[in-house]
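# Reading the structure
Chain residues, written in single-letter form:
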Amino acid sequence: MVIAKAPGDVSFDNGRRYLDQEKIQSALDKATEFGAEYAEVRLVSITDSSVSTRDGQLERAIPGQEVGATMRILADGAWGVHSTTDISSIPLQVEGTVKLARAVASRRGIKDKPVSLAEVPIIEDSIHWNPKKDVRNTELSEKLEHLKVLHDNSSDDSKIASVICGWHDEHIHTEFMSSEGMNRVWSFQRSLVNATVTARDGSDVVSYRTRHGGEGGLELIEACDLSELGNSAKISAIRLLKAERSPSGKLPLVADRDLTGVYIHEALGHPCEADLVAAGDSCLDGKLGQKIGNEIVTVVDDPTIRGGYGAHPIDDEGLDTKEKCLIKNGILTDYLNHRESAQHFGIEPNAGARAQDGLHHPLVRMSNTLIRGGTHNDIDELIEDIEYGVYACGSRGGQVDTGRGSFQFAAQEAWLIENGSITTPLKDVSVSGLTLQILKDVDGLTTDSRLAAPGFCGKGQTVPVGDGGPIMRIKEALVG
Amino acid sequence: MLPDDALDRLISGSKKISDICKVKNIQQWEIIALQSYGHELDIEAGKISLAAGGGGGGYGIRVLEDGKFGYAYLADIGSAENAINQAISIARVSPSVDGFVLPSSQEAKQVEGLFDKRILSVGPDDLIQQADAIISEVSSLDSRAVVTGGGLGVSATAGVLTSSEGIEHQGITTTHGIGVQVSIDENSQLTSSWQGESSKKLIDGIPKCVANSVDWAKKTRDPIKIEGGAQDLPVVMTSEGLGSLFSIVVSSAIKGQRLARMESFWSGKAGQSVIASDLSLTDNARMNGGISSSSRDGEGVPTRSQVIIDSGKLVGSLWSTRDSAKLVSEGKIDHAETTGSASRGGHQSPPVTSCSNLELTSSLKPNNIHQLLDRMETGYIVNSVMGAHTANPTSGDFSVTTSSILRVEEGEIIGSVKQAGLSGNMSKALQSGVFLGDDVRVSGGSMYIPDVLFMQGLRVNPA
């Protein structure tokens, strides 16, 4: 059980492999002999470290390593999947997995199309996005020093009740082999710090969360002004203590780049996932080539933006990642897809397959999703003609019903906009809307578009993502 | 599904690790070993789209010296020594917590209904048959209805907990879960509903959640327009609609650590009335067949059924060994001890305090849905919300969205609303005018709650 034999050297980007290539090749050949149209084995090793402090004291530090592999077999136009941490057992599971796929295929209705895969280039190579400073070499004491800076600058006020700081780094190493001859290895790192600052004044208690990180090693943390990150979170938490409840109703909304990112992720990104579209669970079904938004709206999903939390060199079907333009000047131009959904819709595969880890099969997922910049120079230009509205900043997360096309996201803090000026601080602001309406209601974007704070996206599996954009104005949104 | 010798292998691996701990003369150590196996099916667009099987697991090691703890996890038993060394080095730089020691071995009575042998023999073909039956049932309930997403799965988890204090606990638990997203897409109008059911026992046939899902996809069609903007009105939250909010807000508020650190809206209110006087809240880890039941917690401490709120008064809270020692040593509370409420998310993290099966009950006679609506007169029924995870567990405030909402006037459902905001404060909403339904269901993970009528404290803002 649970035997995932490591190569014995954690600096494995020296050509060592977890998978015994001969045995795996033989297993893939066997799948083909059993009649499979396609088979793949993807192994992921994640070496990670999490650290958290509470009120400046080490709360917990957890180093670890996980290795898992998933074999996917397409037989008779249906998928069978086997996932395991017992890597050596993979060849023994081929026949059973082919049978699984055939059992699924046998239930297919006459009208249902068998699964087939879009053709892709077959590549054998290794790609390593080496960080400037390998985060695996960072001592716990150094991590604690960084977290101390974050803590000290977020806690130096009598109204701050507690500060929890966190660190997470991971080195992701993936090996991918397929019956088509794909044989690729890739690796990259992610590093992240965060803080949750709780402020109290009498019986009023509020929290503010901040994060910094992305694809890369220790250099990402070193480049961040952690004292400013902490100080800013502290100021926001204290401000929230005096914030008023949000007005309810349909109001003009201005969103900072954090919220703009969450908005585009929830409202457009998820409905653009071609596996959901194919399943009949997207409001964007049948709308490729149609105008669905204001012409100032252009949206891309780009895993190649180095440093973005959703960046990765190769997708989990072994395809080189690339920028995908989902909306160009208000027109829906592409779906995020994987090989199956690309073939289903007869569109070019665009490397949108991601899996949470080695024990999960790939789904269509976002990476770094952005609205491109517009023409307004700054927020002042966006709000100058708003009589009464809301300026919302920072994300507390969001959710979407892709089929109905309705979504919700929540802001960390907000302000009233009155007669073109930002006035009263607000708390507990959430925004909801309908994708196909609200994309048309985006009527102002500042010029500067970039990724905001790192985030996580759940779709049965959790993957890191980067979202962002410019500061955005929506003519009318349901604020509550 | 689960190899016959799964537990033996975990025991053997744990022994190897414990032997190393003994050689290193570590004061106290604790090893968790977990291995899960299972089968699952995905359903998309009205058909089975994928069948999967397999499993994973590993070991977690907690070491404790002079009140300082370190943790590390591993998959390959061959790297145990390295992991133990890492855990020791972390412990050495960790702050010491006075009075923090690993729990000693105590007798624990078995909780029934957590293992169903029948699940071990469920194979992919059995799941496929069940999926076929569900897909057919949906279409027979409404020819327009399609299962657009969801799936079925069975799993078995073998676990072994061993410690230097004599704890040697082992067992196998099983789970069967079914969830369906049913959509009706007709006349350019798509409505949908997701419902699920999970059990430690085999779910025979077609569970109720399937018909419920079809029912809500139907009920929410042809929405009506509600004028007047945001209004404070009574709301019936179905068990399914309330579960996710209740789990995020209430289960956080009753953790001892949060209460002692003044991070709960019930902080400083021990012994005081915090919710309506007819309501009680119990954390019952010993419920037969409960989703979060166990005979011992994640540290090996015998579990209990603990009343947290008795007739409206806050009388209890949840603690693990470390949290209780830490908060006492920090002077945040005079006395605290473990309540057997430590849980583990897996082998990759040390135990943390969390609730088990949370039961909301009332001393008043329960109401059927018609009685709840009669009492409500005018208001809404909400069956699911989006954005429950954005609720604020510190203050109890929430502002979420729903597309699964019905308008009620004079006690009768008059139609659905396409989308609405729902906001309020859970603590305040529970303080008065709360009436419980008569059908307790599990939702939001392990919240055992019925439909709940909130007469005050909620604001609905129809789009």
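Everything numeric in this text was worked out from a predicted model, so none of it was measured.

### What to know about the overall build of chain A
Tallying secondary structure elements over chain A gives 10 helices and 23 strands in all. By residue count, 61% of the 480 residues in chain A fall in the buried class. In chain A, the share of contacts with a sequence separation of at least 24, taken over all contacts with a separation of at least 6, comes to 76%.

### What to know about the interface of chain A and chain B
Note on interface size: it is often stated as the accessible area lost on association of the parts. Counting residues at the interface gives 64 residues for chain A, matched by 66 residues for chain B. A total of 11 residues in the side of chain A that touches chain B trace back to one element, the largest contributor, which is strand β2 (residues 57–75) of chain A. Tallied by class, residues from the side of chain A that touches chain B come to 25 nonpolar, 27 polar and 12 charged. Note that strand β3 (residues 78–84) of chain A and strand β2 (residues 47–65) of chain B share six bridges and pair parallel. Paired with W79 of chain A across the bridge in β2 of chain B is L50 of chain B.

### Quick look at the pairing of strand β5 (residues 168–186) of chain B
All names here are of chain B. Of the pairings in the sheet, the one linking strand β4 (residues 145–163) to β5 comprises 17 bridges and is antiparallel in character. Along β5, the bridge assignment pairs V154 with H176. Linking two consecutive strands that pair antiparallel, namely β4 and β5, is a turn of four residues; a positive phi of about 95° is found at G166 within it. Looking at chain direction, β5 and strand β6 (residues 189–199) are connected through 11 bridges and run antiparallel. Each bridged residue has a counterpart across the sheet, and for V182 the counterpart in β6 is S193. Counting the residues in the hairpin turn of β5 and β6 gives two residues, including N187, whose phi is positive at 55°.

### Points about the domain arrangement of chain B
Residues and elements named next belong to chain B. For chain B, the assigned domains are domain 1 (6–218) and domain 2 (223–463). Between domain 1 and domain 2, the C-alpha centre-to-centre distance is 24 Å. Opposite the 35 residues of domain 1 that make contact, domain 2 presents 28 residues. The greatest single-element share of the side of domain 1 that touches domain 2, amounting to five residues, is contributed by β2.

### Let's talk about the sheet that holds strand β21 (residues 450–458) of chain A
Residues and elements named next belong to chain A. Pairing is mixed in the open sheet, where six strands are placed in the order β12-β11-β10-β15-β22-β21. Either end of the sheet is taken by a strand with one partner, and the two such strands are β12 (331–332) and β21. One ladder, built from three bridges, connects strand β15 (residues 368–371) with strand β22 (residues 462–469); its direction is parallel. Note on β22: the bridge partner recorded for L370 is G468. On the sheet, helix α6 (residues 257–269) packs against β10 (299–301), β11 (324–328), β15, β21 and β22 and is oriented at approximately 120° with respect to β22.

### Side note on the domain arrangement of chain A
Residues and elements named next belong to chain A. Split by domain assignment, chain A resolves into domain 1 (21–241) and domain 2 (244–479). Spacing between the C-alpha centres of domain 1 and domain 2 amounts to 21 Å. Contact with domain 1, which involves 40 residues of that partner, is made by 29 residues of domain 2. Looking at the side of domain 1 that touches domain 2, the elements that each hand over two or more residues are β1 (38–54), β2, β3, β5 (160–178), β6 (183–201), β7 (204–215) and α5 (226–241). Here the side of domain 1 that touches domain 2 takes eight residues from β7, the largest share from any one element. Class assignment of the residues belonging to the side of domain 1 that touches domain 2 gives a composition of 21 nonpolar, 10 polar and nine charged.

Definitions and cut-offs
Residues numbered from 1 in each chain as written. Chains lettered and ligands numbered in written order. Predicted model: local features only at pLDDT ≥ 70, side-chain atom pairs only at ≥ 80, totals over all residues. Helix = DSSP H or I, 4+ residues; strand = E, 2+ residues; numbered from the N terminus. Buried ≥ 20, exposed ≤ 12 C-beta atoms within 10 Å, placed from the backbone. Contact = placed C-beta atoms within 7 Å. Nonpolar A, V, L, I, M, F, W, Y, C, P; charged D, E, K, R; others polar. Pairing = 2+ DSSP bridges. Domains from an automatic or database assignment. Axes fitted to C-alpha atoms, helices over the stretch in contact; angles between N-to-C directions.

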